[in-house]
Amino acid sequence: MIAPTHVSFGVLFAEFVFTCLDVSPSGPALLAAGVGALLPDADTPKSAIGRVFKPSTAIERRFGHRQITHSALFLGLCALVCLPLIFLKWWLVYLGLLLGIASHLMIDMANLSGVPLLYPYPGRFVFPEPKDARIEVGSKREWILLSILLVLVLGFTPISVIGYKSLFYRLSQNPYWAVEEVNEKIAEILAEGFCSYLLRKGLLKHQDTEGVLAHIEELRRSRPNYDAL
Amino acid sequence: MMEPVTVGRDEELKTLLANAKRGIPTLILGKSGLGKTHLLEQFMARLAKRGVKPVYLDRLWPFKPALLELYLALHGRKLSEKERKSLKRLTVPELTKETLSLLEQTAKRRKPVIILDRLEDAPATAADFLLRLSSLALVFCAAQYVKRTRVLRRFFWQFETLDLEPLSRQEALTLAERLINERNLRVTDTPFLLNQVVSHANGVPLAIQETINRLPANQPVSRTQIRELFLHGSGVREIDGTPLIILVFCLFIALRFIARGFSDYQAYAMFGALGAVGLFIRYLIFRQYFRRQAR
């Protein structure tokens, strides 16, 4: 697949997972998903990332294209190498990056050659099984797929930003859910305001803010009437 | 003419020769491209050096021409056109009877060695003939798989099975190197070519040979050519990823019920929608499979 297909599918996949987790994706997280979607192609100097990443020639020489970097092993290695991102509390970026890599492996399964998901086991995972139904790199089919993906990304980005719950409130035009959403927003604003008040009075340390916010959120969820604040 | 390249089959060849000496019929089993025919050819060449001239049949289907070929090979003497015509006019049971009686006569002098290739093509009607053949001659055969029908099982029961495995990485590298040298290819980056060929061939000698044969011999092979090399597919083992995709959609359906259990109606609706998308994709997948079956 060409780089734009990988990036668009990577972003779409990340947005989809974030939406399912009811998390609003940040810009850096989506950017990480886009970069992650290109990473497995670092094994060939012909790819977009391979042109920048100099060791790609050596990797291609040693392992070949679509070998080790297109496997679960590579995904696991990246998950390990990028662990410091979690300690920096950039877990959305971390998740985005891994989702991007996973999306690359998934979409390359539809390629003619498939991916050796269980490398070094030589079996190559393909989808769909009939070869003539798969997509050749740079073919007309790939351009059609890319256009569909771009339309989906354009349509899905606002949904993932507002969250699927909010989408349902809007679609169903249900006042009860709208009230619930407003309540949630008010509760959020109040909690943040409360924390900033405590900070100003010197009653709360900056590093404890997140803990207090999480505690308020927990309280709010455990007692629904608390929304009536 | 150059000596054909054989790598990593010394053990198998030794076993075959030892079995020939001890009179043990042997069946070589292995997937397509692993070099069963090549091994049999090498085996025949070694037998010829020892003064044994085996009869080689490259397939048993269609059965009548195969029988005719066996008859002519056992007969030794060149038949006249008239004799040939009369043989061709015989029905399969008649020809089977003739061949078996000729085999009996030959076996009285010396038990002949018969080599049968591509035995997976053997028709069920040949079962009785094969059973009789195995008692009158020393049979060596090769097949990708064996049809375990009741009658054929009795035939295969007497065989020692020799499973042909793919070459190890080192053996595959040696084979590729020898083939490159044999073709006098001028390669700009030999390690890259070797890796590219070997990693895609997965130890299948035919895949290595065919891929190298596709390289141009009269000009230097560049890195771009190596990268764009059309790799022979016989070494590729494909695993259908469709069950994984179906599993994801099953997960959506499961999550839908979990969401219902938690009274999260938004999640319930969302996973329901995703399940519907899954059903549509499933329809497309199945349509492809049915089309393929219809072809």
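The structure this text deals with has already been given above.
Residues numbered from 1 in each chain as written. Chains lettered and ligands numbered in written order. Predicted model: local features only at pLDDT ≥ 70, side-chain atom pairs only at ≥ 80, totals over all residues. Heavy atoms only, no water.

A. Seen up close, the nonpolar core. All names here are of chain B. Counting residues in each nonpolar core, the largest one holds 44 residues, and the members touching the most others are Ile 28, Phe 43, Phe 140, Leu 193, Ile 208 and Ile 212. Secondary structure elements with two or more residues in this core: helix 1 (10-22), helix 2 (36-49), strand 3 (113-116), strand 4 (138-143), helix 8 (169-182), helix 9 (190-201) and helix 10 (205-213). Setting aside residues no more than four positions away along its own chain, Leu 193 makes contact with Ile 180, Val 187, Leu 215, Ile 226 and Leu 229. Counting residues in hydrophobic clusters, the runner-up holds 38 residues, among them Ala 66, Leu 95, Leu 130 and Ala 137. (Core = buried A, V, L, I, M, F, W, Y, C linked by side-chain atoms within 4.5 Å. Buried < 20%, exposed > 50% of the residue type's maximum accessible area, 1.4 Å probe, protein only. Helix = DSSP H or I, 4+ residues; strand = E, 2+ residues; numbered from the N terminus. Contact = heavy atoms within 4.5 Å.)

B. Quick look at the pattern of salt bridges. Tallying each qualifying case throughout the model produces eight salt bridges over all chains. The salt bridge partner of A:Arg61 is B:Asp189, with a shortest N-O separation of 3.0 Å. Highlighted residues: A:Arg61 in helix 4 (residues 56-63) and B:Asp189 in the loop between helix 8 and helix 9, drawn from two different chains. Judged by its relative accessible area of 37%, A:Arg61 falls in the partly exposed class. Measuring nitrogen to oxygen at the nearest pair gives 3.7 Å for the salt bridge that ties A:Arg66 to A:Asp108. A residue pair is termed long-range when its members are at least 10 positions apart, and A:Arg66 in the loop between helix 4 and helix 5 (72-81) and A:Asp108 in helix 7 (residues 91-108) qualify at 42 residues. Exposure class is identical for A:Arg66 and A:Asp108. Each is buried. In the salt-bridge network here, residues are joined through shared partners; they are A:Glu60, A:Arg61, B:Asp189 and B:Arg223. (Salt bridge = Lys/Arg side-chain N within 4 Å of Asp/Glu carboxyl O.)

C. Looking closely at the interface of chain A and chain B. The interface is formed by 35 residues belonging to chain A together with 35 residues belonging to chain B. Where chain A abuts chain B, roughly 2,900 Å² becomes buried across the two surfaces, and 59% of that area is made up of carbon and sulfur atoms. Considering only the side of chain A, the residues that lose the most area to chain B are A:Arg61, A:Phe127 and A:Glu129, jointly responsible for 20% of the buried surface there. Taken together, the connections running from chain A to chain B amount to three salt bridges. A salt bridge links B:Glu238 to A:Arg134, with the shortest nitrogen-to-oxygen separation between them at 2.9 Å. Across the contact surface, chain A and chain B share nine residue pairs in polar contact (both at pLDDT 80 or more). Among the elements of the structure, helix 1 (3-20), helix 4, strand 1 (124-126) and helix 9 (164-172) of chain A are those that each provide at least two residues to the side of chain A that touches chain B. Broken down by element, the residue count for the side of chain A that touches chain B peaks at five residues, all from helix 4 of chain A. (Buried area = accessible area lost by both parts, 1.4 Å probe. Polar contact = N/O pair within 3.5 Å; in protein donor to acceptor, adjacent residues only side chain to side chain.)

D. A look at empty space enclosed by the protein. All names here are of chain B. Taken as a whole and judged by the stated rule, the model has one cavity of 30 Å³ or more. Its volume calculated, the largest cavity comes out at about 40 Å³. Leu 119, Glu 120, Ala 122, Val 146, Lys 147, Leu 152 and Phe 156 are the residues that line the largest cavity. Of the residues in the lining of the largest cavity, the class split is five nonpolar, no polar and two charged. (1 Å grid on protein atoms, 1.4 Å probe; cavity = no way out; pocket = protein on both sides within 12 Å on 5 of 7 lines; lining within 4 Å. Points joined across faces, edges and corners; volume = space filled by probe spheres on them. Nonpolar A, V, L, I, M, F, W, Y, C, P; charged D, E, K, R; others polar.)

E. Structural detail: the packing of helix 1 of chain A against helix 7 of chain A. Residue and element names in this part refer to chain A. At a closest axis distance of 8 Å, the pairing of helix 1 and helix 7 adopts a crossing angle of 125°. Judged by the angle between their axes, helix 1 and helix 7 are oblique. Judged by the sense of rotation from one axis to the other, the crossing of helix 1 with helix 7 is right-handed. Contacts between helix 1 and helix 7 involve Thr 5, His 6, Phe 9, Gly 10, Phe 13, Ala 14, Val 17 and Phe 18 from the former and Leu 92, Leu 95, Gly 96, Leu 99, Ala 102, Ser 103, His 104, Met 106, Ile 107 and Asp 108 from the latter. (Axes fitted to C-alpha atoms, helices over the stretch in contact; angles between N-to-C directions. Parallel < 35°, antiparallel > 145°, perpendicular 65-115°, else oblique. Left-handed = near helix turned anticlockwise from the far one by under 90°.)

F. Main features of the environment of A:Lys46. Mapped onto the elements, A:Lys46 comes out in the loop between helix 2 (27-38) and helix 3 (48-52). A sequence separation of eleven residues divides A:Lys46 from A:Thr57, and the C-alpha atoms of the two residues are 9.2 Å apart. Apart from the residues within four sequence positions on either side, A:Lys46 is in contact with A:Arg51, B:Thr224 and B:Arg227.

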